[in-house]
Amino acid sequence: MEHSGSLFKIDSRSPLPINVQVKEQIKWLIGKGLLKPGDTLPSTNQLADQLSINRNTIQGVYSQLKEEGLLRIQKGRGTQVASEEEVTKFKTQNPYFSFVEETIKDAYELGFNIENVLMSGFAYMQLFGQPLKRKLRYLFIECKVSSCIFYLDEIKRMTAAEIHTIDVSSSPENMLIESIHNADVIVTRADLAERVKGFADAAQKTVISVGSTNDVSLLLNILSPQ
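Residues numbered from 1 in each chain as written. Predicted model: local features only at pLDDT ≥ 70, side-chain atom pairs only at ≥ 80, totals over all residues. Heavy atoms only, no water.

### A closer look at the overall build of the protein chain
At step 1: Assigned secondary structure in the protein chain consists of 10 helices and 6 strands.
At step 2: Burial statistics for the protein chain: of 226 residues in total, 34% are counted as buried.
At step 3: The long-range share in the protein chain, meaning contacts at least 24 apart out of those at least 6 apart in sequence, stands at 59%.
At step 4: Surface summary for the protein chain: the accessible area is close to 14,100 Å², and the carbon and sulfur share equals 52%. (Helix = DSSP H or I, 4+ residues; strand = E, 2+ residues; numbered from the N terminus. Buried < 20%, exposed > 50% of the residue type's maximum accessible area, 1.4 Å probe, protein only. Contact = heavy atoms within 4.5 Å. Areas by Shrake-Rupley, 256 points an atom, 1.4 Å probe, with all protein chains shown as cover.)

### Looking at the packing of aromatic side chains
At step 1: Going through the model one piece at a time under the given rule, you end up with 4 aromatic pairs.
At step 2: Seen in terms of ring centroids, Trp-28 and Phe-97 are 4.8 Å apart; in terms of plane orientation they differ by 80°. Their pairing is edge-to-face. Linking Trp-28 in helix 1 (residues 18-31) with Phe-97 in helix 5 (residues 97-109), this pair joins segments that are 69 residues apart in sequence.
At step 3: Classification of Trp-28 by relative accessible area gives partly exposed; the value is 28%.
At step 4: By relative accessible area, Phe-97 is classed as buried at 6%.
At step 5: Consider the rings of Tyr-124 and Phe-128, whose centres lie 5.1 Å apart with planes at 55°: the pair is tilted. (Phe/Tyr/Trp six-rings, centres within 6.5 Å; stacked < 30°, edge-to-face > 60°.)

### Side note on helix 5
At step 1: The first and last C-alpha atoms of helix 5 sit 19 Å apart over 13 residues, in line with the 18 Å expected at 1.5 Å per residue.
At step 2: One or two positions beyond helix 5, positive phi appears at Gly-111, with a value near 85°. (Expected span 1.5 Å × (residues − 1).)

### A few points about the pattern of salt bridges
At step 1: Scanning the entire structure with this criterion turns up 7 salt bridges.
At step 2: Between Lys-23 and Glu-68 there is a salt bridge, with the nearest N and O atoms lying 2.7 Å from each other. Of this pair, Lys-23 sits in helix 1 while Glu-68 sits in the loop between helix 3 (55-67) and strand 1 (71-74), and the two are 45 residues apart along the sequence.
At step 3: Under the relative-accessibility criterion, Lys-23 is labelled buried at 14%. (Salt bridge = Lys/Arg side-chain N within 4 Å of Asp/Glu carboxyl O.)

### Some words on the pairing of strand 3 (residues 137-141)
Each regular strand shows side chains that alternate between the opposite faces of the sheet.
At step 1: Burial analysis of strand 3 places 4 of its 5 residues in the buried class, which makes it a mostly covered element.
At step 2: Of the pairings in the sheet, the one linking strand 3 to strand 5 (residues 185-189) comprises 4 bridges and is parallel in character. Looking across to strand 5, one finds that Phe-140 is bridged to Val-187. (Pairing = 2+ DSSP bridges.)

This is a description of form; function is not addressed.
Right under this line is the structure:
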């Protein structure tokens, strides 16, 4: 499906540079499913004319999104949204779109100026960085046997981390994927490591497999994730 420049809106008065506005809007449209895998975007000339901006600005945005794996640029076929696999990977790694949408709706209902709220948030991050150092989240997958229980008990004893467990045999796949995405440290039995790794790779997470009890060096590895 081809899309026209009517999908995009830019504001020359915004403090955000034009290229950032266009790039983030494309990411939003992909993240919300309004641009689907294989959809064709306007050519650089078409979009530049429609938005009354420089062609090189669009070319730069398309090139950046190609490098990030979200777009494909092929001679004779134009610029298209990447494959289903790449788009799914992007959505898995960036699940914040719905959260931002709800936050903006809440701010609007409270009568706040949305642009002021967003700029204030940006200024806050520049001044103070992350507001709080959150607890690490440990996910134990199918770890009811003794080889995992030792590590789970020791982590509970030695840290104030959040501990989550999931049984893959009784949990739907989407719950497993979401749990893996939300975890900082993923621990599973050695016999399940390859299966779990298939999901963890998409979320760019590392899996630590446990095959024996009382391995102190492995415990230290778990407690010191990269």
